[in-house]
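A structural walkthrough
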Amino acid sequence: MAVVRLSFSPAPVHVRTARLVGVAVARRAGVRQGLLDEVRLAIGEACTRAVALHQQHNLPDPVRMEMSDYGTYAVRVVDRAPLEAGADLAALPPHELARESLSEDALTTGVGFALLAGFVDDLLVRPADGGVGTEVRMVWPVGH
Amino acid sequence: MELSLATRTVGEFAVVVVGGEVDVYTAPQLRERLLELIDAGAEHVVVDLGRVEFLDSTGLGVLVGALKRLRTAGGSFALVCDREPLLKIFRITALDQVFPLYPTVDAATGA
């Protein structure tokens, strides 16, 4: 049983590092091989979302990520953006995706949420402890 | 592995072969390459994702941006992808209903 914590400056270049760490800890925790691609994608989406929010709000604070394996593999990604900024998480229906007026940022946000919801059975998005920011919590089974 | 990009011409199609990881850090390079092609007059663009190891929402956003730009200009945009993990990403996001998806470059270019 272990806890691994990572905090990183809100820059796109570090999202890959977060993915690599998240998958390495997942493998160590006993998440089965067939799920690791989904773990990698979901952690990437959660961190990408947090980095984007920090950049939109000019927040230099690090994005925090915590991985733990107490019976399941749980990953929490926590941002520090104002709560209302994190509230627009919703998947977009197909006819919206190709709409001309939809901005690339809005599309990416909607698609990112669709990927999180689609790849994580146990997903929770809630206000972070302390009242500032959002926590994205993802849980995967370990073992057989 | 970081992003790799190679461009070639097949008949009237500009084919961009993408490899490596397309994510929030590397997607701007893909966007730039696609815009260069379109600005240079390419009307029919095929992006071959056969060597892509990782694709996230940012990369998908860039692909949709190129699709819209070419459609508006009367051109076409298609993707080549035959690997199940990537196809699953398109299904989950419903983008399989937005992009023409082909298993091979030959199929995409009608060769």
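A few points on the structure. Just so it is clear, the structure is predicted and the values come from calculations on it, not from any experiment.

All right, on to the sheet that holds strand 1 (residues 4-10) of chain B then. Residues and elements named next belong to chain B. Spatial strand order, 1-2-3-4-5: five strands in an open sheet with mixed pairing. With one partner strand each, in any of the chains shown, strand 1 and strand 5 (101-102) form the two edges of the open sheet. As judged from the seven bridges shared by strand 1 and strand 2 (residues 13-22), these two strands associate in the antiparallel manner. Looking across to strand 2, one finds that R8 is bridged to V15.

What follows is about the pattern of salt bridges. All chains considered together, the criterion is met by 13 salt bridges over all chains. Here E21(B) and R16(A) are joined by a salt bridge, their closest N and O atoms 2.7 Å apart. In this pair, E21(B) is assigned in strand 2 and R16(A) in helix 1 (residues 13-29), connecting two distinct chains. Two residues, R19(A) and D23(B), come together in a salt bridge whose shortest N-O distance is 2.9 Å. Of the two residues, R19(A) is situated in helix 1 and D23(B) in the loop between strand 2 and helix 1 (27-39); the pairing between them involves two chains. Through salt bridges with shared partners, one network takes in R16(A), R19(A), D37(A), R40(A), E21(B) and D23(B).

This paragraph deals with unusual backbone geometry. One non-glycine residue, N58(A), lies in the positive phi region at around 50°. Note on N58(A): relative accessible area 67%, which makes it exposed. The backbone of A94(B) shows a phi angle near 70°, a positive value even though the residue is not glycine. Looking at where A94(B) falls in the secondary structure, it is placed in the loop between helix 3 (84-92) and strand 5. We classify A94(B) as buried; its relative accessible area is 11%.

Moving on to a nonpolar patch on the surface. Residue and element names in this part refer to chain A. A cluster of nonpolar side chains, namely M1, V3 and Y70, defines an oily patch on the protein surface of about 360 Å² accessible area. The topology assignment puts M1 in the segment before strand 1 (3-8). Classification of M1 by relative accessible area gives exposed; the value is 78%.

At the junction of the two partners, chain A supplies 25 residues and chain B supplies 28 residues. Summing both partners gives a buried area of about 2,300 Å² for chain A against chain B, and 60% of it is carried by carbon and sulfur. Viewed at the interface, chain B and chain A are joined by six salt bridges. Of the charged contacts in the structure, one is a salt bridge between R40(A) and E21(B), with a shortest N-O distance of 3.4 Å. The interface formed by chain A and chain B includes nine residue pairs in polar contact (both at pLDDT 80 or more). Listing elements by their share of the side of chain A that touches chain B, those giving two or more residues are helix 1, helix 2 (36-56), helix 3 (94-97) and helix 4 (104-119) of chain A. It is helix 4 of chain A that provides the largest number of residues to the side of chain A that touches chain B, a total of nine residues. Partitioning the side of chain A that touches chain B into residue classes produces 13 nonpolar, four polar and eight charged.

Looking now at the layout of surface pockets. What the second largest pocket holds in volume is close to 250 Å³. Lining the second largest pocket are 16 residues, and of these D37(A), E38(A), P85(B), L86(B) and I89(B) lie nearest its centre. Those elements that provide at least two residues to the lining of the second largest pocket are helix 2 of chain A together with strand 3 (44-55) and helix 3 of chain B. Counting residues per element, the lining of the second largest pocket draws most heavily on helix 3 of chain B, which supplies five residues.

Procedures and definitions
Each chain carries its own residue numbering, running from 1 in the direction its sequence is written. Here every chain gets a letter starting at A, and every ligand a number starting at 1, in the order they are written. Reporting in this predicted model follows two pLDDT cut-offs: at least 70 for local features of residues, and 80 or more for side-chain atom pairs to be given and counted; totals over whole chains, interfaces and linings ignore these cut-offs and use all residues. As a rule here, side-chain values come from all non-hydrogen atoms in the structure, and water together with hydrogens is ignored. Any two strands with at least two DSSP bridges between them are considered paired. Runs of H or I in DSSP of at least four residues are treated as helices and runs of E of at least two as strands, each being numbered from the N terminus. Salt bridges are defined as contacts in which a side-chain nitrogen from Lys or Arg sits within 4 Å of a carboxyl oxygen from Asp or Glu. Any residue under 20% of the maximum accessible area for its type is buried, any over 50% is exposed, and the rest in between are partly exposed; the area is computed with a 1.4 Å probe on protein chains only. Patch criteria: residues need more than 30% relative accessible area and no salt bridge. Like-charged residues are merged within 9 Å; nonpolar side chains of Val, Leu, Ile, Met, Phe, Trp and Tyr are merged within 5 Å. Only the protein chains shown count as cover for residues, and all accessible areas are computed by the Shrake-Rupley method using a 1.4 Å probe. Residue contacts are counted whenever heavy atoms from the two residues lie within 4.5 Å of one another. Accessible area that two parts lose when put together, evaluated with a 1.4 Å probe and summed over both, is termed the buried area. Within 3.5 Å is the distance limit for a polar contact, defined as a pair of N or O atoms, with the added protein rule that one can donate a hydrogen and the other accept it, and that residues adjacent in sequence qualify only through two side-chain atoms. Residue classes follow a fixed rule: Ala, Val, Leu, Ile, Met, Phe, Trp, Tyr, Cys and Pro count as nonpolar, while Asp, Glu, Lys and Arg count as charged, and any other residue, Gly among them, counts as polar. Here a cavity denotes grid points, spaced 1 Å and computed from the protein atoms alone, that fit a 1.4 Å probe unable to get out, and a pocket denotes an open set having protein on both sides within 12 Å along at least 5 of 7 lines; residues with an atom within 4 Å of a point are the lining. Grid points are joined across faces, edges and corners, and a volume is the space filled by probe spheres set on the points.

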